[in-house]
Amino acid sequence: MNSTSQPQPAAPMVPIVQIHRADAPGIPFPEGKDLLQVLWCPYSHGEFCYPLPQVHWRDASAVGDVLPTPEPAAELPRNWYPGPCVVHPEQVTEYPSWDLPDELRDVLRDRFDALPGETGLLYSYHLAEAPGIKLGGYPGWTQDPVWPDCEGCGSRMEHLLTVSSWEFDGESWRTWLPDEDRTDENEWGGQRWEGPAHNPAGLCLGDAGGVYIFECRTCPERPIGHWFDCS
């Protein structure tokens, strides 16, 4: 379910993503902040049982000692604790699929229908939203889109971050698997598309689902919302 409130931690919060402003030129950071940190509570929340996120915008120069990542509690899912990995940001241009307006979809329908025969690609899998963990852009919905509204001003929130179980799946890897991670075994038409690049963080949220984090950029306090879906 979506919410605009920050959770009260009942367990050590789990670090999920840390991004410096210099590495995310397309994301509007608040004035005086140059570091985005996202954490979540690793206990199940909501009807669909998912970890509850927090968002913190910080001044990197004010960050003190870095604490160790908490060890997973015995009763909590181990794959809700991402393994440490280094982020190498890459800007991409993506287009909406689920969120494409109906009138525009009608205009483009013939072009979409012709794509598989002309290129072997499908618009929704290969040319629309980028899958995986990402900042900005469009959520890669598995179920119907659910954009939360800000409880303060009533406006629709902006997508800030997707934390996904997979970086790509058995179809979308064909265009979204980075060139440096391709091998002869997983190149176009191969069957072994799974590997380290498929899930570098070691996450599995529900049935290979994702947590979508939104924010209101109109309200000064930048309240957040969230949604979870899976197949």
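Preceding block: the structure.
Reading the values: the criteria
- Residues numbered from 1 in each chain as written.
- Predicted model: local features only at pLDDT ≥ 70, side-chain atom pairs only at ≥ 80, totals over all residues.
- Heavy atoms only, no water.
- Helix = DSSP H or I, 4+ residues; strand = E, 2+ residues; numbered from the N terminus.
- Rg over C-alpha atoms; globule rule 2.2 N^0.38 Å.
- Buried < 20%, exposed > 50% of the residue type's maximum accessible area, 1.4 Å probe, protein only.
- Contact = heavy atoms within 4.5 Å.
- Lys, Arg positive; Asp, Glu negative; His and termini not counted.
- Charge placed at Lys NZ, Arg CZ, Asp CG, Glu CD.
- Core = buried A, V, L, I, M, F, W, Y, C linked by side-chain atoms within 4.5 Å.
- Pairing = 2+ DSSP bridges.
- 1 Å grid on protein atoms, 1.4 Å probe; cavity = no way out; pocket = protein on both sides within 12 Å on 5 of 7 lines; lining within 4 Å.
- Points joined across faces, edges and corners; volume = space filled by probe spheres on them.
- Nonpolar A, V, L, I, M, F, W, Y, C, P; charged D, E, K, R; others polar.

This paragraph deals with the overall build of the protein. Across its full length, the protein carries 3 helices and 7 strands. Going residue by residue from the N terminus, the α and β elements of the protein occur as β-β-β-α-α-β-β-α-β-β. Relative to its length of 231 residues, the protein is compact, with a C-alpha radius of gyration of 18 Å against a globular reference of 17 Å. Structurally, the protein occupies a C-alpha span of about 55 × 40 × 35 Å along its principal axes. With 231 residues in all, the protein has 40% of them scored as buried. Taking all contacts inside the protein whose residues are at least 6 apart in sequence as the whole, residues at least 24 apart take part in 67%. Taking the average place of the 14 positive charges on the side chains of the protein and the average place of its 36 negative ones, the gap between the two points comes to 3 Å.

Val38, Trp40, Val55 and Leu160 are the most contacted members of the largest nonpolar core, which has 27 residues in total. Only strand 1 (14-20), strand 2 (35-45), strand 3 (50-58), strand 5 (158-164), strand 6 (210-215) and strand 7 (224-229) provide two or more residues apiece to this core. Of all hydrophobic cores here, the second largest spans 9 residues; its members include Trp147, Met157, Tyr212 and Cys219.

So, about the pairing of strand 2. With respect to burial, strand 2 is a largely interior element, 8 of its 11 residues being buried. Where strand 1 lies against strand 2, 6 bridges are found, and the strand directions are antiparallel. Among the inter-strand pairings, Val17 is bridged to a residue of strand 2, identified as Val38. As judged from the 8 bridges shared by strand 2 and strand 3, these two strands associate in the antiparallel manner.

In this structure, the second largest pocket spans a volume of roughly 640 Å³. For the second largest pocket, the lining is made up of 26 residues, of which Pro131, Gly140, Trp141, Thr142 and Asp169 are closest to its centre. For the lining of the second largest pocket, the secondary structure elements donating two or more residues are helix 2 (123-127), strand 5 and strand 6. Class assignment for the residues of the lining of the second largest pocket results in 9 nonpolar, 12 polar and 5 charged.

These figures come from the coordinates and say nothing about function on their own.
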